[in-house]
Amino acid sequence: MSGFSLSSEPFTLERDCAAVMVPQGESVTLPAGQIGYITQALGGSFTVYVEGNLFRIAGYDADALGKEPPPPIELAADASDEDVEKLVWQQLRTVFDPEIPINVVELGLVYDVSIEAGDNDSRKVYVKLTLTAPGCGMGDILVDDVRTKLELIPTVGEADVDLVFDPPWNHSMMSDAAKLETGML
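The present account deals with the structure reproduced in this document. (Residues numbered from 1 in each chain as written. Predicted model: local features only at pLDDT ≥ 70, side-chain atom pairs only at ≥ 80, totals over all residues. Heavy atoms only, no water.)

Digging into the packing of helix α1 (residues 81-92) against helix α2 (residues 139-150)
As a reminder, the rule being used: Inter-axis angles, ranging from 0 to 180 degrees, are taken between N-to-C directions of lines fitted to C-alpha atoms, where helices are fitted over the stretch in contact. Under the scheme used here, helices are H or I runs from DSSP no shorter than 4 residues and strands are E runs no shorter than 2 residues, and both carry numbers assigned from the N terminus. Our angle categories are set so that under 35 degrees counts as roughly parallel, over 145 as roughly antiparallel, 65 to 115 as roughly perpendicular, and the remainder as oblique. For any pair of crossing helices, the crossing counts as left-handed if the nearer helix is rotated counterclockwise from the farther one by less than a right angle, and right-handed if it is rotated clockwise. Any two residues whose heavy atoms approach within 4.5 Å are treated as being in contact. In this classification, Asp, Glu, Lys and Arg are treated as charged, Ala, Val, Leu, Ile, Met, Phe, Trp, Tyr, Cys and Pro as nonpolar, and every other residue, Gly included, as polar.
Axis separation between α1 and α2 bottoms out at 9 Å; the angle between their running directions is 140 degrees. As summarised for this structure, α1 and α2 are arranged oblique, according to the angle between their axes. In the packing of α1 onto α2, the handedness of the crossing is right-handed. Across the interface between the two elements, Val 88, Gln 91 and Leu 92 of α1 pack against Val 146, Lys 149 and Leu 150 of α2. Residues of the contact of α1 with α2, tallied by class, amount to four nonpolar, one polar and one charged.

This is the structure:
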């Protein structure tokens, strides 16, 4: 996969910007003035194509690409655990593999979610997550993305994300929509 297509949007970085190489997972800084193409803008983060390589740029750095960062998450003051769980699943659906335009829920990578009461009216969210391949260099990046996005939810004080490989992931765990998107249906 080259990462670049005719539908990719050109950009010039407006400032130095932190990025993660895909699929290696190595953190780098792309310099101001760097020219490239946005190949995927899903879930509040961006996959960009620069000089033959793919990089993931977090949503909070959207301004470097000339884009708006994602809006803050809102939660009613009297929200129940069910309301928070609904938001947890919504946030999980904003976590995308940088190479595949499908979120981790539809890919079948989320094995379990639970919520417990924490200290000072906060909540702890526990997630069991797997990868499509155990050796994926983006594993730590996806785990961090899940944790970061869940901790943006008001009242969530901590998100504990465990990377597990049992049972091993296979394409039958994908939703029908994900299978259709990837041509596996």
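Here we look at the nonpolar core
In summary, soluble globular proteins display a tendency toward joint burial of nonpolar side chains. Defined as follows: We call a set of buried residues a nonpolar core when its members are Ala, Val, Leu, Ile, Met, Phe, Trp, Tyr or Cys and they connect through side-chain atoms within 4.5 Å of each other. Burial classes: relative accessible area under 20% of the type maximum marks a residue as buried, over 50% as exposed, and values in between as partly exposed (1.4 Å probe, protein chains only).
Judged by nonpolar contacts, the single largest core of 28 residues is most densely connected at Val 88, Leu 92, Val 110, Val 125, Val 127, Leu 129 and Leu 150. Only α1, β7 (110-117), β8 (123-129), α2 and β9 (156-163) provide two or more residues apiece to this core. With near-sequence residues (within four places) excluded, Val 88 lies in contact with Val 113, Ile 115, Val 125, Leu 150 and Ile 153. One finds Phe 11, Leu 30, Val 50 and Ala 64 within the second-largest nonpolar core, a separate group that totals 15 residues.

A word on the sheet that holds β7
We apply this condition: Whether two strands pair depends on DSSP finding at least two bridges between them.
If you walk across this open sheet you meet the three strands as β7-β8-β9, and the pairing is mixed. Two strands lie at the open edges of the sheet, namely β7 and β9, each paired on one side alone. Across the sheet, the mean angle separating the axes of adjacent strands is 15 degrees when strand polarity is ignored. The pairing of β8 with β9 spans seven bridges and is parallel.

Let's talk about unusual backbone geometry
Val 22 connects to Pro 23 through a cis peptide bond whose omega is 5 degrees. Within the fold, Pro 23 resides in the loop between β2 (17-22) and β3 (27-30). The omega torsion across Asp 166 and Pro 167 is 5 degrees, close enough to zero to call that bond cis. Considering the arrangement of structural elements, one finds Pro 167 in the loop between β9 and α3 (176-182). Of note, the phi angle at Glu 51 is positive, near 50 degrees, even though the residue is not glycine.

Details of the environment of Ser 27
Within the secondary structure, Ser 27 is located in strand β3. The class of Ser 27 is exposed, set by a relative accessible area of 59%. As for Ser 27 and Val 48, which are separated by 21 residues in sequence, their C-alpha atoms are 14 Å apart. Excluding anything up to four places from it in sequence, Ser 27 contacts Ala 19 and Val 20.

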